[in-house]
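# Overview (structure and organization)
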Amino acid sequence: MAHVNPPSSRIIRLEEGWNDVIKKKAIDVLEEMLDNGIKSGSSSLFGPKEYVSIYTVCYDMCTQRSPYNWSRDLYQRHGETVERYLTTT
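The shown structure was predicted, so the numbers you read here are calculated from the model rather than taken from an experiment.

At Lys 23, helix 1 (residues 14-36) shows its maximal bend, which comes to roughly 50 degrees. Among the residues of helix 1, those classed as buried are Leu 14, Gly 17, Trp 18, Val 21, Ile 22, Ala 26, Ile 27 and Glu 31. Of the surrounding elements, those touching the buried residues of helix 1 are helix 2 (48-63) and helix 3 (71-88). Within two residues after helix 1, Gly 37 carries a phi angle of roughly 85 degrees, on the positive side.

Below is the structure:
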C-alpha cells in the first residue's frame, strides 16, 4: 500500500526542507565537525531528538505524493554536496 499523507500534514517544499533543515542542521554541522573536530565535551554529532527531527523531514519529503515527492532531488543534491565538499577540502 502506498504512503498517503495524513490530511493534517503540510507539504514540505524542496527549498524549505533542503535549505532550512537538511543542509543547515545536518550537512553543514557534519562538515563543520569534519573540518574542526567534535567540540570538547560532546559525545555525538547530533542528539537523538535532532537526529529524529532531521530524519523525519527527509522521510516526509521522500514520501510526499507527486508532484511534491523530492526523493530524486534530495538524492541529487546530497551527492553534489558531498562531491563538492570532497573536491574542495
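The subject of this paragraph is the pattern of salt bridges. Using the criterion set out here, one finds three salt bridges in the structure. A salt bridge links Arg 10 to Glu 16; its shortest N-O distance comes to 2.8 Å. Accessibility expressed as a relative area gives 54% for Arg 10, which makes it exposed. In this structure, Arg 77 engages Glu 15 in a salt bridge whose closest nitrogen and oxygen atoms are separated by 2.5 Å. Remark: Glu 15 occurs in helix 1 and Arg 77 occurs in helix 3; sequence separation between them is 62 residues. Residue class for Glu 15 comes out partly exposed when judged on its relative accessible area of 41%.

How each quantity is defined
Residues numbered from 1 in each chain as written. Predicted model: local features only at pLDDT ≥ 70, side-chain atom pairs only at ≥ 80, totals over all residues. Heavy atoms only, no water. Bend = angle between axes of the 7 residues up to and from the residue. Helix = DSSP H or I, 4+ residues; strand = E, 2+ residues; numbered from the N terminus. Buried < 20%, exposed > 50% of the residue type's maximum accessible area, 1.4 Å probe, protein only. Contact = heavy atoms within 4.5 Å. Salt bridge = Lys/Arg side-chain N within 4 Å of Asp/Glu carboxyl O.

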